[in-house]
Amino acid sequence: MKISVLGAGAWGTALAIQAAQAGHDVSLWARDAAALAQMQTGRRNAAYLPDSELPAALGLTADRAAAIAHAAKGLTIVATPMAGLRETLAALPAAQRVLWLCKGFEASTGRLGHEIARELQPAMRVGVLSGPSFAQEVAAGRPTALVAASEDAALAQAAVDAFHGERLRVYTSVDPVGVEVGGAVKNVLAIAVGVCDGLSHAAPDAPGLNARAALITRGLAEMMRLGLALGARPETFMGLSGLGDLVLTATGDLSRNRRVGLMLAEGLRLPDILARLGHVAEGVYSAPTVLARASQLGVDMPITEAMVALLEGRLAVGEAIERLMSRGARAE
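Analysis parameters
- Residues numbered from 1 in each chain as written.
- Predicted model: local features only at pLDDT ≥ 70, side-chain atom pairs only at ≥ 80, totals over all residues.
- Heavy atoms only, no water.
- Pairing = 2+ DSSP bridges.
- Helix = DSSP H or I, 4+ residues; strand = E, 2+ residues; numbered from the N terminus.
- Axes fitted to C-alpha atoms, helices over the stretch in contact; angles between N-to-C directions.
- Contact = heavy atoms within 4.5 Å.
- UniProt positions renumbered as here; feature names shortened; annotations may be inferred.
- 1 Å grid on protein atoms, 1.4 Å probe; cavity = no way out; pocket = protein on both sides within 12 Å on 5 of 7 lines; lining within 4 Å.
- Polar contact = N/O pair within 3.5 Å; in protein donor to acceptor, adjacent residues only side chain to side chain.

Visitor: For this particular structure, what's the right way to read the sheet that holds strand β10 (residues 168-173)?
Guide: Strand pairs in the sheet, formed through backbone hydrogen bonds, run parallel or antiparallel to each other. A sheet is described by the order of its strands in space; here 8 strands give the open sequence β5-β2-β1-β6-β7-β8-β9-β10, paired in mixed fashion. Both edges of this open sheet fall to β5 (59-61) and β10, since each of them pairs with a single strand only. In this sheet, neighbouring strand axes are inclined to one another by 25° on average, regardless of whether the strands run parallel or antiparallel. As judged from the 5 bridges shared by strand β1 (residues 2-6) and strand β2 (residues 25-29), these two strands associate in the parallel manner. Across the sheet, V5 pairs through a bridge with L28, a residue of β2. With respect to the sheet, helix α10 (residues 240-251) is in contact with β8 (125-130), β9 (144-149) and β10, its orientation differing from that of β9 by roughly 145°.

What follows is the structure, given as structure tokens:
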């Protein structure tokens, strides 16, 4: 299969490596010409995956039009941040088969990826590839399971044909709405769990593992409420892109969103945290949009609400957790 990956960040590069190793004809497009030159010379993506060698068969290009044309009869993977999805979809021919990797709501409109695609390219065959996955582990060939979600069953199967193998399993779903909601909301919840875990090291009476379990469980309930209001299927949230991605992002040491929470618990300022991370932590930017979309739909999301107040400086770290744990009793 001819595959083009548009975006040479960690996740796009990791999938390009896997597809090339599987024998597909893969072109990886990088926006940054200087970074591309380094990748061509050193055969590594030093900025994102310095420990993973790029296969000799993996094509690298700074010509986006050429990369798009390469996959005209194959599969195009959009590996930009959510902020770049709209512009990228608008640049693609309507006949292109497209899956995106980005997770979140568009900041300016509050829309999910499938809603942006429906607006810009109503005839395009589109879907989302998501699930519990750190790019470093995928690039290293460690066992990982993903879900390809699309209303077009043939497109979801194309993702299986492109990426499914001994170390990377790809399941299919007909619920892109649920998969996208899970991928967006779990980043916000991971910040909350990071805060809880960070505070747990501070004092004997600080929240502990019990509080972490409560946050993850009630966070999953928040995620599901929003998803159902947007038309998702409930069973999606018990799968890879729901519970699976939430557990990984909330507890995994490689999670940038979790690290944001841990550093907030240390008392660091958000601008300093983001500077220290060096890469995007989508939950920071998604949180206000998730809350706004939930408010429009009348969906109660107290954990998300507390994280927005914390990130905006309207609530102290300890107060955020205390507010959540002091909520009134109710039926689960």
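Visitor: What's the story with the UniProt feature "binding site: NADPH" (unreviewed entry) in the protein chain in this structure? I'm lost.
Guide: As annotated in UniProt, the feature "binding site: NADPH" (unreviewed entry) corresponds to W11, R31, Y48, K103, A135, R256, V280 and E282 in the numbering used here. In sequence the annotated residues extend across 272 residues, and in space they extend as well, their farthest C-alpha pair lying 22.6 Å apart. Those annotated residues lining the largest pocket are, specifically, W11, R31, Y48, K103, A135, R256, V280 and E282. Among residues more than four places away in sequence, those in contact with K103 are M82, S130, G131, G183, A184, K186, N187, D245 and E282. Among the polar contacts listed, one links the side chain of K103 to the backbone oxygen of G131, at a separation of 3.3 Å. With respect to the secondary-structure elements, E282 resides in helix α13 (residues 282-297). Setting aside residues up to four positions removed in sequence, E282 forms contacts with P81, M82, K103, N187 and N257.

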